[in-house]
Amino acid sequence: DQQVKQNSPSLSVQEGRISILNCDYTNSMFDYFLWYKKYPAEGPTFLISISSIKDKNEDGRFTVFLNKSAKHLSLHIVPSQPGDSAVYFCAASGYNFNKFYFGSGTKLNVKP
Amino acid sequence: DTEVTQTPKHLVMGMTNKKSLKCEQHMGHRAMYWYKQKAKKPPELMFVYSYEKLSINESVPSRFSPECPNSSLLNLHLHALQPEDSALYLCASSQGQGAFNYGYTFGSGTRLTVV
């Protein structure tokens, strides 16, 4: 049973608009969350992280929001660029940082 | 050097073959990982090495045998695999035990096909 779920397999957004990628988790012991981006034929690339002591973390165009009570996090990309087109994975872990559980990914397509 | 290098990129092997996947990093990371990813599924953790010692084995069948000869190198030895073992095998590394602040650095993977 997947503990981290990304229910939207794909998302299409116009260049310059906001992309919102969602992730839900079931394990209330998860305290640490990461987002990764993956281009075809490459390994995932770390994007941004958040811990449960915060509800928001920003890095440039990327902002991650965490709603612990809803067991939900989201990644906002503003403004979206064609180069952002990739598969985005969220991952979650408890106190054992070595073990992260990954969602199945959302394929983002940013149209010029 | 900020990369994790995996070789080979593609591998086709028979069920009676013995082969090895190789992973290398020179970032001084002390934790290294093997993940397996099937099509349209999330990466699944297989093994974790921390300071060159195996710290996590996710109940992986013995036909997969990891090895960490030194802090920069991680191997995955394959023997008597099954066609269902065909997948993308990803290696990753992180600074020590805490991958949180920096995340993992992943390699581009080895696409394995077992025939």
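Above: the structure in question.
What you see is a predicted model; the values in this text were computed from it and never measured.

J.: So what's going on with the overall build of chain A? Residues and values would help.
T.: Looking only at helices and strands, chain A has 0 helices and 11 strands in total. When the helices and strands of chain A are listed from N to C terminus, the series reads β-β-β-β-β-β-β-β-β-β-β. The globule rule puts the C-alpha radius of gyration for 112 residues at 13 Å, and the 13 Å found for chain A is close to it. Across its three principal axes, chain A shows a C-alpha extent of roughly 40 × 30 × 20 Å. Per-residue burial over chain A gives 45% buried out of 112 residues. Excluding contacts between residues fewer than 6 apart, the proportion of contacts in chain A whose partners are at least 24 apart in sequence is 56%. Carbon and sulfur atoms make up 50% of the accessible area of chain A, which totals about 5400 Å². Across chain A, the centroid of the 12 positively charged side chains sits 4 Å from that of the 9 negatively charged ones.

J.: Give a description of the packing of aromatic side chains that names residues and reports values.
T.: Inspection of the entire model under this criterion finds 15 aromatic pairs over all chains. Ring centres of A:Tyr36 and A:Phe46 lie 5.9 Å apart, and the angle between their planes is 65°; this geometry places the pair in the edge-to-face category. With A:Tyr36 in strand β4 (residues 32-38) and A:Phe46 in strand β5 (residues 45-51), this residue pair connects regions lying 10 residues apart in the sequence. You can call A:Tyr36 buried: its relative accessible area is 0%. Here B:Tyr33 and B:Tyr104 contribute two aromatic rings whose centre-to-centre distance is 4.4 Å and whose plane-to-plane angle is 45°, an arrangement assigned as tilted. On the criterion of sequence distance, the pair formed by B:Tyr33 in strand β4 (residues 31-37) and B:Tyr104 in the loop between β9 (87-94) and β10 (105-106) is long-range, its members being 71 residues apart. Here a set of aromatic residues connected by ring pairs shows up, and it is made of A:Tyr36, A:Phe46, A:Phe100, A:Phe102, B:Tyr33, B:Tyr35, B:Tyr104 and B:Phe106.

J.: Can you explain a nonpolar patch on the surface? Please cite residues and give values.
T.: Taken together, the side chains of A:Ile18, A:Ile20 and A:Val78 make up a nonpolar region of the molecular surface, amounting to roughly 220 Å² of accessible area. Residue placement: A:Val78 occurs in the loop between β8 (72-77) and β9 (86-93).

J.: Which residues make up the environment of A:Ala91, and what are the values?
T.: Residues and elements named next belong to chain A. Here Ala91 is to be found in strand β9. For Ala91, a relative accessible area of 1% translates into the label buried. For the pair Ala91 and Ser49, spaced 42 residues apart in the sequence, the C-alpha separation amounts to 9.3 Å. With near-sequence residues (within four places) excluded, Ala91 lies in contact with Tyr32, Phe33, Leu34, Phe100, Tyr101 and Phe102.

J.: Outline the sheet that holds strand β1 (residues 4-7) of chain B, listing residues and values.
T.: Residues and elements named next belong to chain B. Strand order across the open sheet formed by 4 strands is β1-β3-β8-β7, with antiparallel pairing between neighbours. If you trace the sheet from one side to the other, it starts and ends with β1 and β7 (64-70), each paired once. On average, adjacent strands in this sheet sit at an angle of 20° to one another, irrespective of strand direction. As judged from the 7 bridges shared by strand β3 (residues 18-25) and strand β8 (residues 73-79), these two strands associate in the antiparallel manner. Within the sheet, the bridge partner assigned to Lys19 lies in β8 and is Leu78.

J.: Lay out the state of the cysteines with the relevant residues and their values.
T.: Residues and elements named next belong to chain A. Applying the stated rule across the entire model yields 2 disulfides over all chains. Between the sulfur atoms of Cys23 and its disulfide mate Cys90 the distance is 1.8 Å. Every disulfide takes its handedness from the sign of the S-S torsion; for Cys23 and Cys90 that torsion is 65°, giving right-handed. Here the residue Cys23 occupies a position in strand β3 (residues 19-25), and Cys90 occupies one in strand β9, the gap between them amounting to 67 residues.

What counts and what doesn't
- Residues numbered from 1 in each chain as written.
- Chains lettered and ligands numbered in written order.
- Predicted model: local features only at pLDDT ≥ 70, side-chain atom pairs only at ≥ 80, totals over all residues.
- Heavy atoms only, no water.
- Helix = DSSP H or I, 4+ residues; strand = E, 2+ residues; numbered from the N terminus.
- Rg over C-alpha atoms; globule rule 2.2 N^0.38 Å.
- Buried < 20%, exposed > 50% of the residue type's maximum accessible area, 1.4 Å probe, protein only.
- Contact = heavy atoms within 4.5 Å.
- Areas by Shrake-Rupley, 256 points an atom, 1.4 Å probe, with all protein chains shown as cover.
- Lys, Arg positive; Asp, Glu negative; His and termini not counted.
- Charge placed at Lys NZ, Arg CZ, Asp CG, Glu CD.
- Phe/Tyr/Trp six-rings, centres within 6.5 Å; stacked < 30°, edge-to-face > 60°.
- Patch = residues over 30% accessible without salt bridge, like charges linked within 9 Å, V, L, I, M, F, W, Y side chains within 5 Å.
- Salt bridge = Lys/Arg side-chain N within 4 Å of Asp/Glu carboxyl O.
- Pairing = 2+ DSSP bridges.
- Axes fitted to C-alpha atoms, helices over the stretch in contact; angles between N-to-C directions.
- Disulfide = S-S within 2.5 Å.

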